[in-house]
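An overview of the molecular structure
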Amino acid sequence: MITVFGEGRGFRVVWLLEEMGLAYRLRPVDLLAGVENDAEFLAINPAGFIPAIQDGDVTMVESIAIMEYLMGRYGPTKLAPGPHDAAFPAYQQFLHLGEAGLAGSIYFVVGARYFAPEAERGNWSARQALEQFESRLTLVTRQLERSAYLAGDKFTAADISVGYGLELARKHGGVTLGATEQAYMARLSDREGYKRAMETCQATRRAAEAASQ
């Protein structure tokens, strides 16, 4: 049984597992309450961040690396085009851009909005992070103007990666997505795998609902 520790970026992992039809369990990790007393989780990831997985003797952190591991170990899967597939370059680019360019940037914007003192919420670093997110978003927009999904006409794990980053930005980062991105997000959220993942990730669902009010 694959165990997923924590939601947040762990939503990507749960969504992927649902799309692949793999058995798993979600083990909540409450970062806001602090992880210093969560000995089980700290034994898995002493750095104390989420997500992490345990799969038999394998322990991993970092959501994109976990996704690549799961697809490699339990594939082949249509969610990951092969290296000789024409869709492979775009797939690789957006799989990693979803974290390195989008979620990794907007994370600091969200942190400033929710947790920084009032006077520091629009500080230089937060503005720089938002500018980086917005510049990378132009690559997503251009690609979606060409095709329904980021690697072409078929849904792949790159869409899970980017979809999470866009959802974080629009729900918690104060970002207003354009019509192209909104239509894309509607396609993603209509997937059964996404719906099942949202049912499992109750904290993610509650946060999304609260942000929509």
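Presented here is a report on the structure given in the accompanying data block.

Attention shifts here to the pairing of strand β3 (residues 52–55). Judged from the three bridges that link them, strand β1 (residues 2–5) and β3 form a sheet pairing that is antiparallel. Bridge pairing in β3 links Thr 3 to Gln 54. One ladder, built from four bridges, connects β3 with strand β4 (residues 58–61); its direction is antiparallel. Note on β4: the bridge partner recorded for Gln 54 is Thr 59.

Core analysis: the biggest nonpolar cluster contains 57 residues, and Leu 16, Leu 70, Val 140, Leu 166 and Tyr 184 have the highest contact counts within it. The dominant element in this core, judged by the number of residues it contributes, is helix α4 (residues 88–115), at 10 residues. With near-sequence residues (within four places) excluded, Leu 16 lies in contact with Met 67, Leu 70, Met 71, Leu 79, Ala 157 and Ile 160. One finds Val 35, Phe 41, Ile 50 and Ala 52 within the second-largest nonpolar core, a separate group that totals seven residues.

Between Ile 50 and Pro 51 the backbone carries a cis peptide bond, its omega angle lying at 0 degrees. Tracing the sequence through the fold places Pro 51 in the loop between α2 (39–44) and β3. Pro 76 follows Gly 75 through a cis peptide bond whose omega is 5 degrees. Even without being glycine, Glu 62 reaches a positive phi, approximately 75 degrees. The residue Glu 62 is located in the loop between β4 and α3 (63–74) in this model. Look at Glu 62 and you get partly exposed, because its relative accessible area is 44%.

Conventions used here
Residues numbered from 1 in each chain as written. Predicted model: local features only at pLDDT ≥ 70, side-chain atom pairs only at ≥ 80, totals over all residues. Heavy atoms only, no water. Pairing = 2+ DSSP bridges. Helix = DSSP H or I, 4+ residues; strand = E, 2+ residues; numbered from the N terminus. Core = buried A, V, L, I, M, F, W, Y, C linked by side-chain atoms within 4.5 Å. Buried < 20%, exposed > 50% of the residue type's maximum accessible area, 1.4 Å probe, protein only. Contact = heavy atoms within 4.5 Å.

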